[in-house]
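# Coordinate analysis (summary)
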Amino acid sequence: MRWLYRCPACGAEYPIEKGRYLCGPCADRRGPGAPIAGVLECAWEGEPAAGDFLDAKYSIPLPVEARFFPPIPVGDTPLWAPARLREETGFPGLFIKDDTCEPTGSFKDRASYLVAAFANKHGISEIALASTGNAASSMAGVGAAAGLKITVFLPANAPVAKRVQVLQYGAELHQVDGNYDQAIQESRAYSDRTGTLSRNTAYNPLTIEGKKTVSFEIAKQLAEADMRAADRETDQGLAEQSSAPSGAWRAPDEVFVPVGDGVIIAGVYKGFEDLVKLGRIPRMPRIWACQAEGSSAIARALLSGGAWETVAATTIADSISVDLPSNGSQALSKLQRHGGRAVTVSDAQMLAAQRLLASKAGLFAEPSSSAALAGFLKAKAQIAKDAIVVLLVTGSGLKDIKSAMKGLGLE
Ligand SMILES: *Cc1c(COP(=O)(O)O)cnc(C)c1O
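Residues numbered from 1 in each chain as written. Predicted model: local features only at pLDDT ≥ 70, side-chain atom pairs only at ≥ 80, totals over all residues. Heavy atoms only, no water.

Turning our attention to the packing of helix α8 (residues 213-235) against helix α9 (residues 263-277). Close contact between α8 and α9 brings their axes to 7 Å; oriented N to C, the two are set at 55°. Considered as vectors, α8 and α9 are oriented oblique to each other. Viewed along their axes, α8 and α9 form a crossing whose handedness is right-handed. Taken together, the residues of α9 that come into contact with α8 (itself represented by Val-214, Ser-215, Phe-216, Ile-218 and Ala-219) are Gly-267, Val-268, Gly-271, Phe-272, Asp-274 and Leu-275. (Axes fitted to C-alpha atoms, helices over the stretch in contact; angles between N-to-C directions. Helix = DSSP H or I, 4+ residues; strand = E, 2+ residues; numbered from the N terminus. Parallel < 35°, antiparallel > 145°, perpendicular 65-115°, else oblique. Left-handed = near helix turned anticlockwise from the far one by under 90°. Contact = heavy atoms within 4.5 Å.)

Below, the structure is given as structure tokens:
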């Protein structure tokens, strides 16, 4: 198979090479107050061969060969059935995709893994990025395993656990006197000045592509869950044979994704688009963008038919707190193309969902991740009771104890 970058806006094609980020002409046409324009997408052509896949289990086609990935177990996180939460919500087809189990405790590892592999392949020794906290701690950890120098720019209000992770992993930390959007500016200036590879989310298209791996895992794991259920029925004499033919994959009906910059949701879409293109699933699931009320640019753009409005983000969910989402344009166009939905939730709803997830499922998640459950609770009247619903739980609650304390009334 052949890999390239394609601009979703104008169709221009570029090689996947060092120093290539945005589609230049489209980036220059960025409108006032709009998110960065010209964000590129990885595209592939031709039939994949066995060697094009990251591994045999999920057969995920990626633009960097498997041998360049660093020695750290990213991905292949559990998809599981939270029985008590199923009962509580009345949805027997509810699943949790648990990315709190990633090596550094967040979904961001999926992107860092691919960016580190790209650096290995091209002999690049340093990666720089701005982050609200998780992307930095992730790149620092995955970079440590890969033997790369990692330089991070963090806003002063990043949760202390994420800062400590960065330092433990041995990365160079620049504390920015300002918010995340300012950290982006400083990291961009640093990369421009030094020629360092940027892992800024969305700006580097590999951050989007790396995140698609979750969709492959979900479709494979759902098929396996299906077969196990069918086997149990067969054992009990309820069914003659497995309902899923062996080798078949299964798309969920609904996926709830917490959204800040819109990179995770674009990656989730890309994964399901690839699965349809490969013929492994027949159709796309419906995807829900779950945003904090105080940081809801993408939800508002979807509802208004594409108008962007910069606001000062205010939410306790630091991982989804952005003034203007870096990948807003691409996330919005994917939501529009595939009939996606948006739902906004308050800080109180996220904190309540955080406690519900912890007390009913035994899973302690960040407030941002709890936005997926909070969004589902708000939207569930619009969902068929027998639907297969996946909540993407993106980060561990241990990363932000202060917010969790608020949820308990301890602060
Ligand atoms: C980054 C992050 C998100 C949001 O992802 P975006 O790509 O910014 O939309 C959600 N949850 C956690 C834990 C994160 O770290």
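Okay, back to it.
Another point: the sheet that holds strand β5 (residues 94-98). With mixed pairing, the six strands of this open sheet are ordered in space as β4-β5-β13-β10-β11-β12. In this open sheet, the two edge strands, each paired with only one partner strand, are β4 (79-80) and β12 (341-345). In this structure, strand β10 (residues 254-258) lies alongside strand β11 (residues 286-292), joined through five bridges in parallel fashion. Looking at the pairing, Val-257 lines up with Ala-289 of β11. Sitting on the sheet, α8 touches β4, β5 and β13 (389-393), and the angle it makes with β5 is about 135°. Helix-sheet contacts for α9 involve β10, β11 and β13, and the interaxial angle to β11 is about 175°. (Pairing = 2+ DSSP bridges.)

A large share of β13 lies buried, amounting to five of its five residues. Burial of β13 is two-sided: the residues Val-389, Leu-391 and Val-393 facing one way and the residues Val-390 and Leu-392 facing the other way are all buried. Bridge count for β5 against β13 is five bridges, and the pairing is parallel. Considered in β13, the bridge of Ile-96 is made with Leu-391. Across three bridges, β10 lies against β13 in parallel orientation. (Buried < 20%, exposed > 50% of the residue type's maximum accessible area, 1.4 Å probe, protein only.)

The next subject is the domain arrangement of the chain. As far as domains go, the chain holds domain 1 (1-52), domain 2 (79-101 + 212-407) and domain 3 (107-208). Computed from C-alpha atoms alone, the centre-to-centre distance between domain 1 and domain 2 is 26 Å. With 13 residues of domain 1 at the interface, the matching set in domain 2 holds 16 residues. Between domain 1 and domain 2, the buried area comes to about 1000 Å², and carbon and sulfur atoms account for 55% of it. Contact with domain 2 buries surface across domain 1, with Pro-35, Glu-41 and Trp-44 losing the most and accounting together for 54% of the total. Here domain 1 is connected to domain 2 by one salt bridge. Note that Glu-41 and Lys-334 form a salt bridge whose closest N and O atoms lie 2.6 Å from each other. The element contributing the most residues to the side of domain 1 that touches domain 2 is strand β3 (residues 41-45), with three residues. (Domains from an automatic or database assignment. Buried area = accessible area lost by both parts, 1.4 Å probe. Salt bridge = Lys/Arg side-chain N within 4 Å of Asp/Glu carboxyl O.)

What follows covers α9. Between its first and last C-alpha, α9 extends 21 Å over 15 residues, near the 21 Å set by a 1.5 Å rise per residue. Counting buried residues in α9 gives 13 out of 15 residues, a clear majority hidden from the surface. Gly-279 lies just past α9 and shows a positive phi near 75°. (Expected span 1.5 Å × (residues − 1).)

The next thing to look at is unusual backbone geometry. Look at Asp-76: it is not a glycine, yet its phi comes out positive at around 55°. As for its position among the elements, Asp-76 is in the loop between β3 and β4. Of note, the phi angle at Ala-202 is positive, near 80°, even though the residue is not glycine. Within the element layout of this structure, Ala-202 appears in the loop between β9 (197-198) and α7 (206-211).

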